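Chain by chain, the residues run as shown.
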Amino acid sequence: MSSDRNERAAAYWPRSRLAAIDRMLKPRSIAVVGATPRGGYGGRLLGAVLRAKDRVRVYPVNPNYPEIMGMKAWASVAALPEAPDLVGVVVPHRQVLPVLEECRRKGAGAAVIISAGFAERGNDAGNEMQSRLAEFARESGLHFTGPNCLGIANVRDDIWPTASSRTLGGLTGHVGLVCQSGATAFGPFLLRAVDSGIGLSCIVSTGNEVDLDFTDFARYLVDDPGTRVIAGFVEGFKDVTKLVAVAELAAERGKPIVLIKIGRSECGAQAARSHTAALTGVDANHDALFRQYGIIRVQGYEDLLEVSHLLASHRRPARPGIAVVSHSGGISSLTADLLGQAGLTLPPLSEHARGGIKAILGDFGWAANPADVTGFAHSDSFPAIMDCMIEEPAVGTLVVASAGTGDQVEQVVRLRDRSEKGIAFFWTTSRGDTKTLPRLKASGIPIFYSPEKLATGLKSLFDYHAWRERWLAAGAPALPEPTAEQERRLESARGAGRTVLSEAEAKRLLAAWGVPVTREIAAATAPAAVEAAAKLGYPVALKIDSPDILHKTEARAVRLGLKSAPEVAAACDEVMANARAYRADARIEGVLVQEMVAGGVETIVGIQYDPQVGPMLLFGTGGVMVEVYNDVALRRCPVTRSGALEMIAEVRGAKLLRGFRGEPPADIDALADALERASYLAVHAAGTLAELDVNPLVVLPAGQGVKAVDALAVLALPR
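Conventions adopted
Residues numbered from 1 in each chain as written. Predicted model: local features only at pLDDT ≥ 70, side-chain atom pairs only at ≥ 80, totals over all residues. Heavy atoms only, no water. Helix = DSSP H or I, 4+ residues; strand = E, 2+ residues; numbered from the N terminus. Buried < 20%, exposed > 50% of the residue type's maximum accessible area, 1.4 Å probe, protein only. Arc of directions from axis to C-beta. Contact = heavy atoms within 4.5 Å. Salt bridge = Lys/Arg side-chain N within 4 Å of Asp/Glu carboxyl O. Pairing = 2+ DSSP bridges. Axes fitted to C-alpha atoms, helices over the stretch in contact; angles between N-to-C directions.

(A) Up close: unusual backbone geometry. Looking along the chain, the bond that leaves Gly146 and enters Pro147 is cis, with omega of 0°. Note that the residue after Asn695, namely Pro696, is joined by a cis bond; omega there is 10°. Here Pro696 is to be found in strand β27 (residues 689–699). Despite not being glycine, Asp158 shows a phi value in the positive range, around 60°. Here Asp158 shows up in the loop between β8 (152–153) and β9 (172–179). Take Asp158: its relative accessible area is 37%, and that puts it in the partly exposed class.

Listed below in structure tokens is the structure:
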């Protein structure tokens with residue numbers, strides 16, 4: 001681990017925080033405050049905990065009962081004979097804080113707060129109570145999950161401090177599940193895990209996340225040897241820098257994070273004042289963040305479980321090739337088609353493999369990839385067929401698309417046990433099968449029930465390992481400290497006394513961070529504009545110089561390719577008249593006379609500050625059509641040079657940069673350097689800038705660099 005990451009991790013997750021989670025998930029003693037002999041949350045929590053009473057000391061706490069469920073009931077936490085490792089709190093919301101105070105005095109290890117009635121109520125009283133709870137968490141050192149959660153489960157050790165009545169029935173695995181929604185964790189996920197035969201190492205519901213949140217439990221699971229994949233269901237993140245930190249730690253350890261992040265709608269997003277804000281909704285920023293840090297985002301319950309299970313059971317594929325074998329030509333063809341659409345590779349079989357399969361099939365089926373082996377899929381010859389395919393040098397994963405009849409399941413399991421390569425099963429018959437499907441589930445081989453989900457899973461597997469290789473090779477971005485000149489430029493921007501900088505001011509900001517800008521001279525009158533043009537050399541461009549006119553083309557306040565003094569003088573008068581007609585109250589400083597930049601490719605570079613994700617860098621095809629095509633790439637700042645190059649490659653219009661229809665290749669190295677520098681500006685200017693839009697940034701032919709031709713900077717409103 002790099003020293004910077006080590007320091008960040010130690011700051012976010014001191015030993016006491018992780019130790020509290022350890023006592024929470026591996027308790028030797030549990031107190032249930034609010035336990036009752038009846039049903040309800042208190043009764044269900046106690047009943048669930050009592051299933052582990054042979055291994056865990058259990059203390060029902062309720063002053064109204066001498067005994068509950070055959071156990072002595074205690075009047076208070078203070079009266080207990082020991083400080084419990086974990087306290088389950090199921091009391092009315094006004095009693096939660098006094099109970100926690102008592103737990104602190106007793107020296108309890110951690111708490112699970114089932115009680116609801118806090119900020120989720122959406123009123124001032126609930127918000128105020130949650131604020132008091134948060135203050136207690138900061139000051140006390142007693143860590144808890146919740147409130148408004150359903151509890152947790154150490155599935156591996158069969159300890160279930162949860163108010164849910166459901167369990168996995170002894171089904172364990174290597175996926176740790178962390179959900180903000182308890183009803184989702186112990187409802188759809190738990191039920192589907194049981195139905196699919198997918199085991200879990202633990203289940204955690206975090207509720208309102210007043211203290212411990214998703215990233216805290218994910219950090220704990222990074223160190224857990226029994227967890228290979230961290231799966232999550234989240235609505236939002238309190239601190240994205242913590243998410244980035246835990247994602248980096250997980251990547252170093254090779255533990256994928258698979259997430260459902262709900263809230264894809266952009267309703268209520270702030271109105272855009274520049275192209276960048278118009279192009280980047282909140283969800284687009286989350287998508288970009290997840291891709292940047294190797295977090296796998298999926299859509300539904302089955303996707304989360306199936307993709308996580310695949311990643312937990314498969315090593316990094318040794319080869320990118322996939323082989324598909326089925327008893328049906330139609331099934332194998334559709335499967336291959338969907339794998340191909342996902343960008344996966346099905347390499348053709350060698351003569352040796354084809355010959356081996358043909359010798360078995362004779363005149364039936366076809367010996368290819370995908371392979372239709374007809375009824376031989378249910379015969380004693382099937383292992384030999386699978387061997388021919390999985391032993392191909394270009395193949396790293398074998399997909400069996402079939403119904404599991406006869407000895408097929410056992411044959412596939414034996415192959416899995418003796419092969420270093422991955423195997424996945426596409427189940428083609430009823431999910432209600434009770435003869436062979438249970439045996440396949442018990443084997444731990446990843447099972448998919450549609451070719452679409454199979455393709456999604458395998459794509460996630462290959463993409464994650466490819467991303468991790470690149471990420472490990474690139475290393476962390478090295479963010480330099482701002483220079484004295486850069487600090488002066490930021491101070492000047494803050495002192496501008498308005499929310500929008502002029503184009504010239506925005507370019508001076510860019511230039512301070514080393515992003516090349518056009519040569520230009522400000523002019524207040526037509527004669528001054530003519531003099532400026534003579535100094536710059538013809539041809540020139542002329543634009544209105546006003547912080548109040550954000551998009552000059554719309555105001556008809558731009559003239560290009562001016563070749564003489566009369567043209568410049570006339571253009572100056574026209575541009576100023578058009579600007580006043582467009583907006584009568586605009587502050588007009590005059591015009592900018594600029595060098596003409598020709599012979600390059602127009603791109604856009606933008607900076608935006610997302611309230612959850614932080615500083616975001618945008619790159620895309622530029623010019624006035626950028627909002628039409630929306631051909632952009634996004635990254636959280638800062639970016640590495642390799643990250644900048646990935647952004648460039650991600651954009652469909654990048655083919656123009658590589659040379660198109662006889663045009664010379666553009667200076668991609670200079671473009672990557674400009675993106676990297678702009679990302680530093682984004683981080684350094686946080687709190688000063690709200691948006692920055694460079695459109696176009698012209699990328700000149702290779703060796704000639706880039707130039708920011710136009711720029712718009714919107715300042716952050718003071719808080």
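Anyway, onward from the coordinates.
(B) Structural detail: helix α13 (residues 351–361). Listed as buried for α13 are Ala353, Ile357 and Leu361. An end-on view of α13 places all buried positions within 60° of arc, on one side of the element. Among the exposed residues of α13, those oriented more than 90 degrees off its buried face are Glu351, His352 and Ala359. Buried residues along α13 sit against β15 (371–372) and α14 (382–390). Just past α13, the residue Gly362 takes up positive phi, approximately 65°.

(C) The pattern of salt bridges, seen in detail. As enumerated under the stated definition, the model contains 45 salt bridges in all. We note a salt bridge from Asp54 to Arg55, for which the minimum N-O separation is 3.3 Å. For Arg494, the salt bridge goes to Glu491, with nearest N and O atoms at 3.1 Å. Taken together, the residues span about one helical turn, with Arg494 and Glu491 both in helix α18 (residues 484–494) at a distance of three residues. A relative accessible area of 48% means that Glu491 is categorised as partly exposed.

(D) Up close: the side chain of Ser332. Within the secondary structure, Ser332 is located in helix α12 (residues 329–341). Its relative accessible area of 0% is what places Ser332 among the buried residues. Apart from the residues within four sequence positions on either side, Ser332 is in contact with Val324, Ser326, Trp366, Pro370, Ala371 and Asp372.

(E) Here's a closer look at the sheet that holds strand β23 (residues 590–595). What the four strands build is an open sheet, ordered β20-β23-β21-β22; its pairing is antiparallel. Because the sheet does not close on itself, it has two edges, and the strands there are β20 (520–523) and β22 (558–562). Pairs of neighbouring strands in the sheet enclose a mean axial angle of 20°, with direction left out of account. Strand direction decides the pairing type here: strand β21 (residues 540–545) and β23, joined by six bridges, are antiparallel. Each bridged residue has a counterpart across the sheet, and for Val540 the counterpart in β23 is Glu595. Across the sheet, helix α20 (residues 526–536) touches β20, β21 and β23, and the angle it forms with β23 is around 15°.

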